[in-house]
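# Close look at the chain arrangement
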Amino acid sequence: MNLEIFWNHQVAFPILTLMIFLPVAGSFSIWMRRNSPGVQLEALGISLAEVGLSVLLFIQFAEGVPAMQFVERVPWIAPLGISYHLGLDGISLFLVILTTLLTALTVLYSWDRVREHVWEYMICLLILEATMIGVFVSLDLILFFVFWEVMLIPMYFLIKIWGSGPERDYAALKYVVYNLTGSVLMLVGFIILYLNYHDWAVTQLGLEPYSFDYLHLLFAPISYEKQLWIFGLVFLGFAVKGPIVPFHTWLPSAMLQGPIAVGVMLSGVKLGSYGLLRFNLPLTPEAAQAAVPLMMALGLIGLLYGAFIALFQPNLMAMMAYGGISHLGFVTIGLFALNSIGIEGALVQMVNLGIAGAGLMFILAFLIDRRGSLNLNDFGGWAYQVPRLALLSLFVVLASLALPGTNVFVGEFMVLVGAFRAHWAYGAIGVTAVVLTAGYLLWMYERVMLGKIEKPEVATMPDLNGREAVIACTMVVLILWIGFYPAPLLSRMEPSVQAVVERLEAKDLPLNPVVQIDPNNPHAYLLEMLSRSKADSADPGVSPSERSVR
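The rules we used
- Residues numbered from 1 in each chain as written.
- Predicted model: local features only at pLDDT ≥ 70, side-chain atom pairs only at ≥ 80, totals over all residues.
- Heavy atoms only, no water.
- Helix = DSSP H or I, 4+ residues; strand = E, 2+ residues; numbered from the N terminus.
- Rg over C-alpha atoms; globule rule 2.2 N^0.38 Å.
- Buried < 20%, exposed > 50% of the residue type's maximum accessible area, 1.4 Å probe, protein only.
- Contact = heavy atoms within 4.5 Å.
- Areas by Shrake-Rupley, 256 points an atom, 1.4 Å probe, with all protein chains shown as cover.
- Phe/Tyr/Trp six-rings, centres within 6.5 Å; stacked < 30°, edge-to-face > 60°.
- Pairing = 2+ DSSP bridges.
- Salt bridge = Lys/Arg side-chain N within 4 Å of Asp/Glu carboxyl O.
- Axes fitted to C-alpha atoms, helices over the stretch in contact; angles between N-to-C directions.
- Parallel < 35°, antiparallel > 145°, perpendicular 65-115°, else oblique.
- Left-handed = near helix turned anticlockwise from the far one by under 90°.
- pLDDT = per-residue confidence, 0-100.

## Focus: the overall build of the protein chain
The helix and strand tally for the protein chain stands at 24 helices and four strands. At 23 Å, the protein chain has a C-alpha radius of gyration in line with the 24 Å of a compact globule built from 550 residues. Dimensions of the protein chain, computed from the C-alpha atoms along their principal axes, are close to 85 × 55 × 40 Å. Within the protein chain, the fraction of its 550 residues that count as buried is 59%. Sequence-distant contacts in the protein chain: of pairs separated by 6 or more residues, those separated by 24 or more amount to 80%. If you sum the accessible surface of the protein chain, you get close to 21,100 Å²; carbon and sulfur atoms cover 67% of it.

If you want it as structure tokens, here you go:
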């Protein structure tokens, strides 16, 4: 059953719209002021306000139900079935929170690092934040696609203008061309879904003949052959954004040539994986089941390939890029285990890798600022000169290799359990990648922080300043908090993930209408369904299919 809780039953204002358009309004304000003093302060204030709103989402989120919450629905292009429909559930909640947090930390890091075109840079960051949040909360496929495409614009300019590499123009163009190609294919899949819904809706009484609404599309029966086409087209769009091997070649270029902000967002926010979980699995469940061998193969190849290539990289940024590709393989394996622990582990891993991956990027930025180089041979012995940076870097590195007690261990363990449940071979191969990951991360830390000081300039390197310490400590606190107490994440994610699993396992999908429930008593519908289930089980004349429709 689809559940919706509207915003006015949870908060006093349309919070999701505010979170999308507050950065847009802030960008307009910065554009009006241009080079006036205080641009950084205004951008930081807006990004911190976004963090505050995301914390309010967390506090007001109703646990225990797979409901879309804080919902806003307004007709947009009614004749075509397009609406302004926003909402989030346990799948998207923490990805929104992570996006706001990383944006605020990126603005804080960039405070005195970006010296040219400062106001344009802050506008790009805020617009990027707005579009990412829009992607996570859009429940209309066209609205989702609009945010998905607009997101390319600020990222393109961040790479092209503020990138430090000699081939940044090529990297920016490659990023747009790859992602735009994937997006076009994804749009074709959405249109097939739309037309399929129309063919079904005209045979039903009381339904609008056209709709791009995600919750409506869930209930239109789709033939197996059509599901395969839709799954393949939509998957290509998300696989490029992921990126999943072999659609990954744009990522190392973008991270090597772009600024740190690009690396933080690309390594921290898993947009492609979110799309697979939100759209591919629920909308085309039979095709998802048929694609398991192929998807598992791609995930395992990416897992091993990325870790193996990272192991031999002398360039720190290239190592992080290929390490991110490897980590994404774990997420793919968890998603296509198609069981509750695997999918929930993949979702937890999206959040955890966002924290650890972005943490590594910030640590890397601190190193580059001091050394001006990405080559491992230019480092060594730094722990003696910058002990605070070395200690906090160790926490982030240990989290990235999934040490027990850190956040990544929680998600990685759940993914591996889910993979073993799906097939022992998937889990066995996945375990081998853990060794490779530990290899390149520990080797990197040893080369940078340990050993003798071989470069005389290291002796004058400053340790972490105040802003850097805030960034690094924030990441470490999150790593340890989730590592030791992941319950707040799991309790909010589980109902939504379980709804996806039930849809994947269902033989006959129920055609239930969208239900609006009272957020003050979110468990009321559970009691009603339980009482119906008891009544049906007591009545032998009621068939299982009739019970599912009820």
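## As for the packing of aromatic side chains
Within the structure shown, the criterion is met by 25 aromatic pairs. An angle of 85 degrees between the planes, with centres 5.0 Å apart, marks the rings of F136 and Y274 as edge-to-face. Note that F136 is positioned in helix 4 (residues 118-137) and Y274 in helix 12 (residues 271-283), a separation of 138 residues in sequence. Y274 carries the same exposure label as F136, and that label is buried.

## Some words on the pairing of strand 2 (residues 68-77)
Pairing analysis gives two bridges linking strand 1 (residues 3-6) to strand 2, with the strands arranged parallel. Its bridge partner lying in strand 2, E4 is registered against M68. Pairing of strand 2 with strand 3 (residues 82-88) involves six bridges; the strand directions are antiparallel. In the sheet register, V74 faces strand 3, and the bridge partner there is Y84.

## Considering the side chain of T131
Here T131 lies in helix 4. Given a relative accessible area of 4%, T131 falls into the buried group. The contacts of T131, once residues within four sequence positions are left out, are F147, V150 and M151.

## Some words on the pattern of salt bridges
Within the structure shown, the criterion is met by 12 salt bridges. Residue R33 is joined to E42 by a salt bridge in which the shortest nitrogen-to-oxygen separation is 2.5 Å. Here R33 falls in the partly exposed class, since its relative accessible area comes to 31%.

## Things to note about the packing of helix 16 (residues 340-371) against helix 19 (residues 407-422)
In helix packing, the relevant descriptors are the interaxial angle and the interaxial distance, both defined with respect to the helix axes. Between helix 16 and helix 19, the shortest axis-to-axis distance is 8 Å and the interhelical angle comes to 150 degrees. Classified by the angle between their axes, helix 16 and helix 19 sit roughly antiparallel to one another. At the point where helix 16 passes helix 19, the crossing takes the left-handed sense. Residue-level contacts link I341, G342, E344, G345, A346, V348, Q349, N352, L353, I355 and A356 of helix 16 to N407, V408, V410, G411, E412, M414, V415, V417, G418 and R421 of helix 19.

## Some remarks on the side chain of E149
Turning to its location among the elements, E149 is positioned in helix 5 (residues 141-150). When sequence neighbours within four positions are dropped, the list of residues in contact with E149 reads L180 and S183.

## With respect to the confidence of the model for the protein chain
Residues with a pLDDT of 70 or more make up 91% of the protein chain, whose mean pLDDT is 86. Below a pLDDT of 50 lies the segment residues 510-520, which in the model reaches 27 contacts outside its immediate sequence neighbourhood of four places, other chains included. In the model, residues 522-550 has pLDDT below 50 throughout and makes 21 contacts with residues more than four positions away in sequence or in other chains.

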